[in-house]
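Take a look at the letters that make up each chain.
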Amino acid sequence: MVDVLLGLQWGDEGKGKIVDRFAPDYDLIARFQGGPNAGHTLYVEGQRIVLHQIPSGIFHPHTDNLIGGGVVLDPVTLKREFGKIAALGIDASRNLCISERAHLILPTHRALDKASETAKGNNRIGSTLKGIGPAYMDKTGRNGLRVGDMLERDFTTRYIRLRLKHQKMLDSLSFSEDITEWEEEFFEALELLRSLRIVNGEYHINDRISKGDRVLAEGAQGSMLDVDFGTFPFVTSSNTISAGVCTGLGVAPQRIREVIGVTKAYCTRVGSGPFPTELHDETGERLRATGNEFGATTGRPRRCGWLDLVALRFACMVNGVTKLVMTKSDVLDNFASLSACEAYRIDGETTDKVPYQMSRRPIEPVYRAFEGWLSDTSLCTSYDELPARMKEYVSYMDTALGTRIAYVSNGPGRDQLISMPGT
Ligand code: GDP
Ligand code: IMO
Ligand code: MG
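Residues numbered from 1 in each chain as written. Chains lettered and ligands numbered in written order. Predicted model: local features only at pLDDT ≥ 70, side-chain atom pairs only at ≥ 80, totals over all residues. Heavy atoms only, no water.

S.K.: Would you explain the coordination of the magnesium ion (ligand 3) in this entry?
M.R.: Distances from the magnesium ion (ligand 3) to its protein donors, namely D12 (OD) and G39 (O), fall within the range 2.1 to 2.2 Å. Of this pair, D12 sits in the loop between β1 (2-7) and α1 (15-22) while G39 sits in the loop between β2 (28-31) and β3 (40-44), and the two are 27 residues apart along the sequence. A relative accessible area of 12% means that G39 is categorised as buried. (Donors = N, O, S within 2.8 Å, 3.2 Å for Na, K, Ca; no water. Helix = DSSP H or I, 4+ residues; strand = E, 2+ residues; numbered from the N terminus. Buried < 20%, exposed > 50% of the residue type's maximum accessible area, 1.4 Å probe, protein only.)

S.K.: How should the pattern of salt bridges be read in this particular structure?
M.R.: Pairing of side chains with opposite charge becomes possible as their charged atoms draw close. For the coordinates displayed, the defined rule picks out 26 salt bridges. Where K79 meets E188, a salt bridge forms, and the shortest distance between an N and an O atom there is 4.0 Å. In this pair, K79 sits in helix α2 (residues 75-86) while E188 sits in helix α6 (residues 180-195), placing the two residues 109 residues apart along the sequence. The partly exposed category is assigned to K79, whose relative accessible area is 36%. (Salt bridge = Lys/Arg side-chain N within 4 Å of Asp/Glu carboxyl O.)

S.K.: Can you help me understand the side chain of E13 in this one?
M.R.: Relative to the elements of secondary structure, E13 occurs in the loop between β1 and α1. Sequence-distant contacts of E13, that is, excluding residues within four places in its chain, are made with G7, L8, Q221, G222, V262, T263, K264 and T327. (Contact = heavy atoms within 4.5 Å.)

S.K.: Teacher, can you tell me more about the site of ligand 2 here?
M.R.: In the vicinity of ligand 2 there are 20 residues, among which D12, K15, H40, T128 and T236 approach most closely. At 3.4 Å from an oxygen atom of ligand 2 is found a side-chain nitrogen or oxygen belonging to S127. Q221 is positioned such that a nitrogen or oxygen atom in its backbone is 2.8 Å from an oxygen atom of ligand 2. For ligand 2, whose free accessible area comes to 550 Å², the fraction covered by protein is 97%. The site holding ligand 2 turns out to be the largest pocket. (Near = heavy atom within 4 Å. Polar contact = N/O pair within 3.5 Å; in protein donor to acceptor, adjacent residues only side chain to side chain. Areas by Shrake-Rupley, 256 points an atom, 1.4 Å probe, with all protein chains shown as cover. 1 Å grid on protein atoms, 1.4 Å probe; cavity = no way out; pocket = protein on both sides within 12 Å on 5 of 7 lines; lining within 4 Å. Sits in = over half its atoms within 2 Å of the grid points.)

S.K.: Just checking my understanding: could you explain the site of ligand 1 for this structure?
M.R.: If you check the shell around ligand 1, you find 19 residues, and the closest are G14, K15, T41, D330 and S409. Between ligand 1 and G14, the relevant distance is 2.8 Å, taken from an oxygen atom to a main-chain nitrogen or oxygen of the residue. Between ligand 1 and K328, the relevant distance is 2.9 Å, taken from an oxygen atom to a side-chain nitrogen or oxygen of the residue. The site holding ligand 1 turns out to be the second largest pocket. Residue assignment for the shell around ligand 1 shows that the elements contributing at least two residues are α1 and β3.

S.K.: What is the right way to look at the packing of aromatic side chains in this model?
M.R.: To describe a pair of aromatic rings, one takes the distance between the centres and the angle between the planes. This model, assessed by the stated rule, comprises 10 aromatic pairs. Here F370 and Y393 contribute two aromatic rings whose centre-to-centre distance is 5.2 Å and whose plane-to-plane angle is 85 degrees, an arrangement assigned as edge-to-face. Highlighted residues: F370 in strand β18 (residues 364-371) and Y393 in helix α11 (residues 388-401), separated in sequence by 23 residues. Looking at Y393, the relative accessible area reads 1%, which means it is buried. For the cation-ring pair, R110 lies above W182, with the distance from its terminal atom to the ring centre recorded as 4.1 Å. Here the basic side chain of K391 rests over the ring of Y383, its NZ or CZ set 4.6 Å away from the ring centre. (Phe/Tyr/Trp six-rings, centres within 6.5 Å; stacked < 30°, edge-to-face > 60°. Lys NZ or Arg CZ within 6 Å of the ring centre and 35° of its normal.)

Right, dumping it as structure tokens:
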């Protein structure tokens, strides 16, 4: 049995915190897509830690963690992460394994990411510059190198061949970058990678499912950044939705039980691209300051706005969400009034559907207003303690999305999670 936990917006919904909280109930946490563009923040005994490559179950000794075949892996980031985890007294190799099918991010992929963004100028995606796009392009272009290849004798020859190809591409974009240091780090980090438990991911996971182990697939990014269903071209390069679990881990669809969708109580986006409910005013600034909305991977300020129920309904539909987790509700504690977007107005027409192309024509959100609850909820530990107006907001969302909010997260700490009645 596999449960899936993924983001329903444009990433940074608080997935890491929730996975860390749920991890003791699972035997295996598996990342199925994305790479070091992800930044999942956890608090472990009061210490903040951001994970980019390693699944968020790593701090639980009885839970194993798998970097699945659909992930693109940067060995340098992985090694750094090992260092951060070791500083907390934990050896990440004790409960981590890596699929031999995961594609490697090479130093030249990072250079190509930069070159491509520079060439796009004002139309840039706002990539995290971690080499994600170029690495996935080499996967679909059938050129990439995989973790398993690293164990073969001809790895260096193949690496040099691919690097040469990349060099020609960089030259054609008139982009030059000295990658000597990156390359040194890369080969050093490969040594660590070679020493880890490298597995045939699909047999590993299916064997464990067959023997009754409980698996949680941890999504990275968010549904609106999905390469097929997001706000293309302002998206990432992988399938972030639940379908990505099947291709990224090699599990069949009927193995999937719950699809747990995570949404903030408002909305953020980092990088370029359409964001209909974005607030360019003081309220947006307040959301950013109160929610500490700065990128966990790049430190960039996140764009902030009200909840977008049109996009959320779409995300619930394409993912088959069975339960919702609403995070960061505490950030709204001091807002006297709140809004949620119920429909879009495009060219004078009102629609409750996400158009296939969101960036060509202006989208005007149609809002419903709510009175804020104006009380500190960060210390609440049960549904009964929540203010009535927050309960109304949650219940309105349940109905508007046709999916139940099962948990409300009221702070960044592991213990700040409230079960809704019936959960
Ligand atoms: P992820 O990428 O989905 O794992 O999310 P990030 O870690 O990038 O961003 C979420 C941020 O919100 C992190 O700084 C978390 O510590 C923080 N966070 C998570 N849940 C809550 C919550 O319920 N309330 C507050 N105030 N912060 C939260
Ligand atoms: P987590 O897992 C938020 C965004 C980037 C950019 C676009 C493409 O922490 O939620 P890429 O580097 O993938 O080529 O960037 O996607 N992006 C994210 N935004 N959270 C993330 O991950 C993201 N990963 C990528 O800002 O707009
Ligand atoms: Mg993040």
